[in-house]
Amino acid sequence: MTMESEIDFDIDFDDSVAREVRSYVSEIVTGLGLRGDSSCVDAEPLAGAYVALDGRLPDFPGHYVALVWNELTGWSVAVEDRLGDLVDVARLGGDPRPAPAEVVRWVNGLVHKEQKRANRDFAAFVPAQRGCLLS
């Protein structure tokens with residue numbers, strides 16, 4: 001008996017979900033006029049994506065802007081707070097996986113609308129005071 005006959009190599013290497021998600025996100029990235037290196041896709045445990053957007057939102061001039069997706073909650077636009085955590089500032093309602101053209105229209109509309117807004121509440125972007133660890 002050889003070693004190969006004793007080992008069960010029934011391992012599933014099906015990456016069709018990852019390829020499908022990458023294709024979906026790629027259509028959105030291209031529609032936004034971005035390059036592929038501005039995004040990353042995760043297929044497990046839940047499918048999700050992060051797309052770095054060019055520029056800043058006028059209400060958050062010192063914060064990076066990203067388009068974020070996961071298969072359960074759908075798309076949101078988020079900015080990084082002072083601690084580097086993403087904070088949603090807008091969410092696309094409806095189907096969590098809308099057509100790429102719909103996502104592109106929403107993002108473009110949001111960016112143009114965001115340019116007209118002012119006086120946003122910045123409380124989420126100011127770190128809460130933390131108690132002293134050493135007394």
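Residues numbered from 1 in each chain as written. Predicted model: local features only at pLDDT ≥ 70, side-chain atom pairs only at ≥ 80, totals over all residues. Heavy atoms only, no water.

1. Focus: the overall build of the protein
Step number 1: Secondary structure assignment for the protein yields three helices and five strands.
Step number 2: Residues counted as buried form 30% of the 135 residues belonging to the protein.
Step number 3: Long-range contacts, defined here as pairs at least 24 residues apart, represent 41% of the contacts in the protein between residues at least 6 apart. (Helix = DSSP H or I, 4+ residues; strand = E, 2+ residues; numbered from the N terminus. Buried < 20%, exposed > 50% of the residue type's maximum accessible area, 1.4 Å probe, protein only. Contact = heavy atoms within 4.5 Å.)

2. So, the confidence of the model for the protein
Step number 1: Across the protein, the average pLDDT comes to 81, with 73% of residues at 70 or higher.
Step number 2: The low-confidence segment residues 127–135, where pLDDT is below 50, has three contacts with residues more than four positions distant or belonging to other chains. (pLDDT = per-residue confidence, 0-100.)

3. Quick notes on the nonpolar core
Step number 1: Counting 26 residues, the largest nonpolar core has Leu 67, Trp 75 and Trp 106 as its most contacted members.
Step number 2: Mapped by element, the contributors of at least two residues to this core are helix H2 (16–31), strand E2 (48–52), strand E3 (65–70), strand E4 (74–80) and helix H3 (100–116).
Step number 3: What Trp 75 contacts, discounting residues up to four positions off in sequence, is Tyr 24, Val 25, Ile 28, Leu 67, Val 68, Trp 69, Arg 91, Leu 92, Pro 96, Pro 98, Val 103 and Trp 106. (Core = buried A, V, L, I, M, F, W, Y, C linked by side-chain atoms within 4.5 Å.)

4. With respect to the pairing of strand E5 (residues 86–91)
Step number 1: Pairing of E4 with E5, which is carried by five bridges, proceeds in the antiparallel orientation. Its bridge partner lying in E5, Val 79 is registered against Val 87.
Step number 2: Connecting the antiparallel pair E4 and E5 is a turn made up of five residues, with Gly 84 showing a positive phi of about 90 degrees. (Pairing = 2+ DSSP bridges.)

5. Things to note about the environment of Gly 55
Step number 1: By the secondary structure assignment, Gly 55 is in the loop between E2 and E3.
Step number 2: With relative accessibility at 41%, the residue Gly 55 sits in the partly exposed group.
Step number 3: Along the sequence, Gly 55 and Ala 66 sit eleven residues apart, while their C-alpha atoms lie 9.9 Å from each other.

6. A few points about the packing of aromatic side chains
Step number 1: A complete count under the given rule lists three aromatic pairs for this structure.
Step number 2: With a centroid separation of 6.1 Å and 45 degrees between ring planes, the pair formed by Tyr 24 and Trp 75 is classed as tilted. Of this pair, Tyr 24 sits in helix H2 while Trp 75 sits in strand E4, and the two are 51 residues apart along the sequence. (Phe/Tyr/Trp six-rings, centres within 6.5 Å; stacked < 30°, edge-to-face > 60°.)

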